[in-house]
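A structural walkthrough
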Amino acid sequence: MIQSPIESISYLQAAPSVLKKKNQGKSRRILASSLTLTSLVDVFSIIVIYLLVSTSSGQNLDIKEGVRLPESQSFDATAQGVTVEILNDRVLLEGQSVSLEDLVAQLKIQKANQNQDKNQRILLQADKGMPFDKINPVIAAAMASGFETVSFAVIQKSERNN
Amino acid sequence: MSKKRKPDFEVDLLPVIAVLAICISFLLLNAVWVQLGFVQVKQAMGNAGNPKDNPPSVWITIEKSGDIQVQIKDLAKRVGFPAQMQLSARNGAADTQSLGGVSAQIKTKFPDIQMAMILPSGTTSYETVIAVMDEMKKAQFTNVGIAPL
């Protein structure tokens, strides 16, 4: 029985000679190494539990590249509605480009097609630097087509940013 | 005589690690790092009633310079509080922090006022409008609206 590291080294040094006898002249070193998998499983389990807890089934929004949403502290986490995205050069209604002249008609079609809950709200996305005179026509079109509520997409403002 | 086999107590951890690695990959791809939400504004669809029946409300006008004008309208008794206040812009931007303080004062003095109407100018940024709406909602005004240009 090996009692100390020195004995283990001498054992390993002696091992080739021992094996040489067994393998008929072929000297092979058997390197025994053990990998502790229990620690790895512990780490993985903790990471999975953390990700499960922090994952939330919130609203899935398709935010266009370059669009920076404004921040807000008082907001509702989920909302269903017709998505309108206001970009610098165009307006997207449910992902489809639409002109401002056709917006009222298209919104009325959306209102007629969707279910009762969804068709009462517009989900509006725009960059935080967008001037209000570009947003105003969309709000006016929403009112003209009968949508009572307009919801503005925002990012949660952390208290540290105050 | 056959020898009894010793029971093997070793647990094969490789499948467990494989499953956990797949779970972590899936959860990392679907993790939400930024919380999205919505600020709701209920728009008035038209008021054909008597103007005298309008509920008391606070009107916030955001001017092109960034100055904010706060007016209390349709309030029968407004004792000890100015009808109109002007909040100057700070560093070229609207002073939403001072607006929050004024809104809280108005709400404390006149708790019956639930409606706040925001009148931005054409050049007011979307961020400023949201910040003003945020301050009014924090001051417990339940009915916040935006007036079209």
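Scroll up to find the structure this text is about.
Residues numbered from 1 in each chain as written. Chains lettered and ligands numbered in written order. Predicted model: local features only at pLDDT ≥ 70, side-chain atom pairs only at ≥ 80, totals over all residues. Heavy atoms only, no water.

1. Here we look at the overall build of chain B
Filter applied, for reference: Runs of E in the DSSP output that reach at least two residues are strands. Runs of H or I that reach at least four are helices, and both are numbered from the N terminus. Relative accessibility thresholds used throughout: buried, under 20% of the residue-type maximum; exposed, over 50%; partly exposed, between the two (1.4 Å probe, protein chains only).
Assigned secondary structure in chain B consists of 3 helices and 6 strands. For chain B, the succession of helices and strands along the chain, N to C, is α-β-β-β-β-α-β-α-β. A burial count over chain B gives 40% of its 149 residues as buried.

2. Here's the deal with the environment of Ile118(B)
Just so we agree on the cut-off: Any two residues whose heavy atoms approach within 4.5 Å at even a single point are treated as in contact.
Mapped onto the secondary structure, Ile118(B) falls in strand 5 (residues 115-119). Beyond its immediate stretch of four places on either side in the chain, Ile118(B) contacts Ile60(B), Ile62(B), Val129(B), Val132(B), Met133(B), Val144(B), Gly145(B), Ile146(B) and Ala147(B).

3. Thoughts on the pairing of strand 6 (residues 149-156) of chain A
We count it as follows: Two strands pair if DSSP finds at least two bridges between them. We call a crossover right-handed when, viewed with the strands running away from us, the connection from the first strand over the helix to the second turns clockwise.
Most of strand 6 of chain A is tucked away: 6 of the 8 residues are buried. Summarising the sheet, strand 5 (residues 121-126) of chain A and strand 6 of chain A pair through 4 bridges and their orientation is parallel. Counterpart to Leu123(A) in the pairing with strand 6 of chain A is Ser151(A). Note that the unit made of strand 5 of chain A, helix 4 (residues 132-144) of chain A and strand 6 of chain A has a crossover that is right-handed. Sheet topology places strand 6 of chain A next to strand 1 (residues 36-42) of chain B; 7 bridges connect them, and they run antiparallel. Residue Val154(A) lies in a different strand from strand 1 of chain B, and its bridge partner there is Gly37(B).

4. Observations regarding the interface of chain B and chain A
Quick note on the threshold: The buried area of a pairing is the accessible area, by a 1.4 Å probe, that goes missing from both parts when the two are put together, added over both. Within this document, salt bridges are pairs made up of a side-chain nitrogen of Lys or Arg and a carboxyl oxygen of Asp or Glu, the two lying within 4 Å of each other. We define a polar contact as two N or O atoms separated by no more than 3.5 Å, with the added condition that, inside protein, one atom must be a possible hydrogen donor and the other a possible acceptor, whereas residues neighbouring each other in sequence contribute only through side-chain atom pairs. For this scheme, ten residues count as nonpolar: Ala, Val, Leu, Ile, Met, Phe, Trp, Tyr, Cys and Pro. Four count as charged, namely Asp, Glu, Lys and Arg, and the remainder, Gly too, count as polar.
The partner chain A presents 51 residues to the 42 residues of chain B that form the contact. With both sides pooled, the region where chain B packs onto chain A buries about 4200 Å², and carbon together with sulfur makes up 68% of that total. It is Leu36(B), Phe38(B) and Tyr126(B) that lose the most area in chain B upon contact with chain A, and together they represent 22% of the buried surface on that side. Where chain B packs against chain A, one counts 0 salt bridges. The interface formed by chain B and chain A contains 9 residue pairs in polar contact (both at pLDDT 80 or more). Of all the elements in the fold, those that place two or more residues in the side of chain B that touches chain A are helix 1 (14-30), strand 1 and helix 3 (126-138) of chain B. A per-element tally of the side of chain B that touches chain A places helix 1 of chain B first, with 9 residues. Class assignment for the residues of the side of chain B that touches chain A results in 28 nonpolar, 9 polar and 5 charged.

5. Quick word on the environment of Lys73(B)
Following the sequence through the fold, Lys73(B) ends up in strand 3 (residues 68-73). Setting aside its immediate chain neighbours within four residues, Lys73(B) contacts Pro56(B), Ser57(B) and Trp59(B).

6. Some details on a nonpolar patch on the surface
Rules: Patch building starts from residues that exceed 30% relative accessible area and form no salt bridge, then joins like charges within 9 Å and nonpolar side chains (Val, Leu, Ile, Met, Phe, Trp, Tyr) within 5 Å. Each accessible area value is a Shrake-Rupley result obtained with a 1.4 Å probe; residue values ignore everything except the protein chains displayed when judging cover.
A cluster of nonpolar residues, Tyr50(A), Leu28(B), Trp33(B) and Val34(B), forms a patch on the protein surface that exposes about 470 Å² of accessible area. Its place among the elements puts Leu28(B) in helix 1. Residue classification places Leu28(B) among the partly exposed positions, given a relative accessible area of 45%.

7. A look at helix 3 of chain B
Residues and elements named next belong to chain B. The following threshold applies: Helix span, as expected, comes to 1.5 Å for every residue beyond the first.
The end-to-end C-alpha separation of helix 3 is 18 Å, in line with the 18 Å expected for 13 residues at 1.5 Å each. Those residues of helix 3 that sit buried are Tyr126, Thr128, Val129, Ile130, Val132, Met133, Asp134, Glu135 and Met136. Count one or two residues on from helix 3 and you reach Gln140, which has phi positive near 75°.

8. A short note on helix 4 of chain A
For helix 4 of chain A, with 13 residues, the first-to-last C-alpha span of 18 Å sits near the 18 Å given by 1.5 Å per residue. Here helix 4 of chain A has its buried residues at Phe132(A), Ile135(A), Asn136(A), Val138(A), Ile139(A), Ala141(A) and Ala142(A). Each element contacted by the buried residues of helix 4 of chain A is listed here: strand 2 (82-86), helix 3 (100-113), strand 5 and strand 6 of chain A together with helix 3 and strand 6 (143-146) of chain B. Note on helix 4 of chain A: the residue one or two positions beyond its end, Gly146(A), has a positive phi of about 100°.

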